[in-house]
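These are the residues of each chain, in order.
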Amino acid sequence: MPEIASSASATAPETGILVLVVGPSGAGKDTLMNAARASLSARSGLVFVRRAITRPRDGATEDHLPMTEAEFMAAEAAGAFCLAWQAHGLRYGVPAAIIDELRLGRTVIVNLSRAVIPAAEALWPRVLVLNVTAPPALLASRLAARGREDAADIAARLAREAPLAPARAKLVTIVNDGPVEAGAAAVLAALRGG
C-alpha cells in the first residue's frame with residue numbers, strides 16, 4: 001500500500017502541477033520522458049524527479065538513486081519520501097522535496113505506479129496523469145526483447161493491466177506505437193496543456 005509522508009497543507013498555494021507518468025512495462029515511459037526532457041532542457045519550471053529505488057544502478061534503466069532495503073526503510077522513517085510503494089520486489093520513493101517545487105509553481109514530473117495515483121491525488125490538488133501505453137502485441141515484443149521474463153510471465157504481466165480511472169486528476173493517454181519523436185511530441189503537448 002502506498003504511503004504518504006507529506007508536508008503539504010490545505011493552505012499551500014496550488015499553482016504547481018504534479019504530473020504522474022504511468023503505464024505498463026514496455027510502453028516506453030522512460031524513452032519518452034528522456035526525449036521530452038531533451039526537448040525541454042532550456043525551459044524553466046519543469047522538474048523531472050529522480051526516484052529512490054532499492055535496485056543497483058545498471059545503466060540500462062532509469063537514472064535513480066540506488067538504495068539498499070535498510071537505507072530505504074531508514075529514509076522513509078525519517079520522512080524523506082512524500083510517496084513510497086512496493087512493486088515487483090522493489091521499493092520506490094519520491095523525494096519529499098517535490099512539495100517545495102510544487103509550492104513554487106513548478107511542474108513536477110514523476111514516473112509512478114498506477115496503484116499510487118490515489119495517494120498522489122491526496123498529496124497535491126493539481127494532478128495530471130500521463131498514461132503511456134502501446135498495443136498488447138507491441139508491449140509483449142518489447143518485454144521479450146528485454147530478456148528479463150519468459151513468455152508466461154509476460155502474458156501474466158499484460159493480463160494484470162486494468163483501465164485507469166483517476167478520482168479527479170486529468171487523464172491523458174499516449175499510445176506509444178510509432179517513432180519516439182511522435183510519442184515525445186504527444187508528451188510535450190500534454191505538458192503544455194496541463
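Predicted, not measured: the structure shown is a model, and the values here were computed from it. (Residues numbered from 1 in each chain as written. Predicted model: local features only at pLDDT ≥ 70, side-chain atom pairs only at ≥ 80, totals over all residues. Heavy atoms only, no water.)

Let us look at the sheet that holds strand S2 (residues 17-22). The strand order across the open sheet formed by five strands is S3-S8-S2-S9-S10, and the pairing between neighbours is parallel. This sheet does not close on itself; its edge strands, each paired only once, are strand S3 (46-48) and strand S10 (170-175). Neighbour to neighbour, the strand axes of the sheet diverge by 20° on average, direction disregarded. Of the strand pairs in this sheet, strand S9 (residues 127-133) and S10 are connected by six bridges, and their pairing is parallel. Looking across to S10, one finds that valine 129 is bridged to leucine 171. Strand contacts of helix H7 (residues 180-193): S2, strand S8 (107-111), S9 and S10, with the helix running at about 170° to S10, the strand carrying the most contacts. (Pairing = 2+ DSSP bridges. Helix = DSSP H or I, 4+ residues; strand = E, 2+ residues; numbered from the N terminus. Axes fitted to C-alpha atoms, helices over the stretch in contact; angles between N-to-C directions. Contact = heavy atoms within 4.5 Å.)

Mapped onto the fold, threonine 54 is located in the loop between strand S4 (52-53) and strand S5 (65-66). Setting aside residues no more than four positions away along its own chain, threonine 54 makes contact with Met67, Thr68, Glu69, Phe72, Leu90 and Arg91.

This next bit is on the layout of surface pockets. Once rolled over the atoms, a probe with the size of a water molecule shows which space is left empty. Space inside the largest pocket adds up to approximately 1300 Å³. Lining of the largest pocket is provided by 43 residues; of these, Ser25, Lys29, Arg51, Tyr92 and Asn111 occupy positions nearest its centre. With six residues, the top contributor of residues to the lining of the largest pocket is helix H1 (residues 29-39). The residue inventory of the lining of the largest pocket, partitioned by class, reads 17 nonpolar, ten polar and 16 charged. (1 Å grid on protein atoms, 1.4 Å probe; cavity = no way out; pocket = protein on both sides within 12 Å on 5 of 7 lines; lining within 4 Å. Points joined across faces, edges and corners; volume = space filled by probe spheres on them. Nonpolar A, V, L, I, M, F, W, Y, C, P; charged D, E, K, R; others polar.)

Here we take up the pattern of salt bridges. In total, this model carries three salt bridges according to the counting rule given. Measuring nitrogen to oxygen at the nearest pair gives 3.4 Å for the salt bridge that ties aspartate 63 to arginine 50. Here aspartate 63 is found in the loop between S4 and S5, whereas its partner arginine 50 is found in the loop between S3 and S4, with 13 residues between them in sequence. Given a relative accessible area of 52%, aspartate 63 falls into the exposed group. Residue classification places arginine 50 among the partly exposed residues on the basis of a relative accessible area of 36%. (Salt bridge = Lys/Arg side-chain N within 4 Å of Asp/Glu carboxyl O. Buried < 20%, exposed > 50% of the residue type's maximum accessible area, 1.4 Å probe, protein only.)

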